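Summary of structural features
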Amino acid sequence: MDLSPGESVIFSGRPSWRSILGFYIVGLIVAVGAGAIGWFTAGHSVGVAIGVGIFLLALVVGFLKRFFTKYTITTRRLRVQRGVLTRHVQETRIDRLQDHSIRQTLIERVLKVGTIDFDTSGEESSHGTMFRFDGVANPESVILDIDRVVRQGEQAALPRDQARD
């Protein structure tokens, strides 16, 4: 991502590995089930090979999804980049952010990850929010960083006499 003059990165990250633990657990359960079926129908070595193969596939898919998703917040922009074979980039100016919400299940709270939904002005989406950071570690700290940048921008926009009050 190219930065414009005076712009700096305040957050850059990917979904946390903790956020896809559920995917890996489901992959392990499917691998064990498929391995057990292979074990009883074709023999123990085939069953083990099937189970290990499916679990390795789940690990690779989870890693690729996580690795090829990148979230960036600068002093001027919010950016979401996704995709392995194709790339999808969403970007908006930070001054267009109106609201945000953080969603965390009980397990996500324990793992200290969550999803941040950002609402932007002037843009409507069929999904209700334009930007979503899924599986972010410590989502509250990300919001605090954004709030700090927004406050600094508001302070800079005030005339000198009002900024001192």
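See the structure printed just above.
Keep in mind the model is a prediction, meaning the values are calculated, not measured.

For helix H1 (residues 21–42), with 22 residues, the first-to-last C-alpha span of 30 Å sits near the 32 Å given by 1.5 Å per residue. For H1, every residue scored as buried is listed here: Tyr-24, Gly-27, Ala-31, Gly-35 and Gly-38. In an axial view of H1, the angular spread of the buried residues amounts to 65 degrees, which keeps them on one side of the axis. Those residues of H1 that are exposed and angled more than 90 degrees off the buried face are Val-26, Ile-29, Val-32, Ile-37, Phe-40 and Thr-41. The secondary structure elements touched by the buried residues of H1 are helix H2 (44–67). Immediately downstream of H1, the backbone of Gly-43 shows phi near 115 degrees, a positive value.

So, about the sheet that holds strand E2 (residues 69–74). Strand order in the open sheet formed by four strands is E1-E2-E3-E4, with antiparallel pairing between adjacent strands. Taken across any chain shown, the strands that pair with only one partner, and hence form the sheet edges, are strand E1 (9–13) and strand E4 (88–93). Pairwise comparison of adjacent strand axes, ignoring direction, gives a mean angle of 10 degrees for this sheet. The sheet contact formed by strand E3 (residues 77–82) and E4 spans six bridges and is antiparallel. The partner of Arg-79 across the bridge, within E4, is Glu-91.

Taking burial as the measure, the six residues of E2 include five buried ones, the bulk of the element. One ladder, built from four bridges, connects E1 with E2; its direction is antiparallel. Pairing of Ser-12 across the sheet is with Thr-72, part of E2. As consecutive antiparallel partners, E2 and E3 are separated by two residues.

Rules behind the numbers
Residues numbered from 1 in each chain as written. Predicted model: local features only at pLDDT ≥ 70, side-chain atom pairs only at ≥ 80, totals over all residues. Heavy atoms only, no water. Helix = DSSP H or I, 4+ residues; strand = E, 2+ residues; numbered from the N terminus. Expected span 1.5 Å × (residues − 1). Buried < 20%, exposed > 50% of the residue type's maximum accessible area, 1.4 Å probe, protein only. Arc of directions from axis to C-beta. Contact = heavy atoms within 4.5 Å. Pairing = 2+ DSSP bridges. Axes fitted to C-alpha atoms, helices over the stretch in contact; angles between N-to-C directions.

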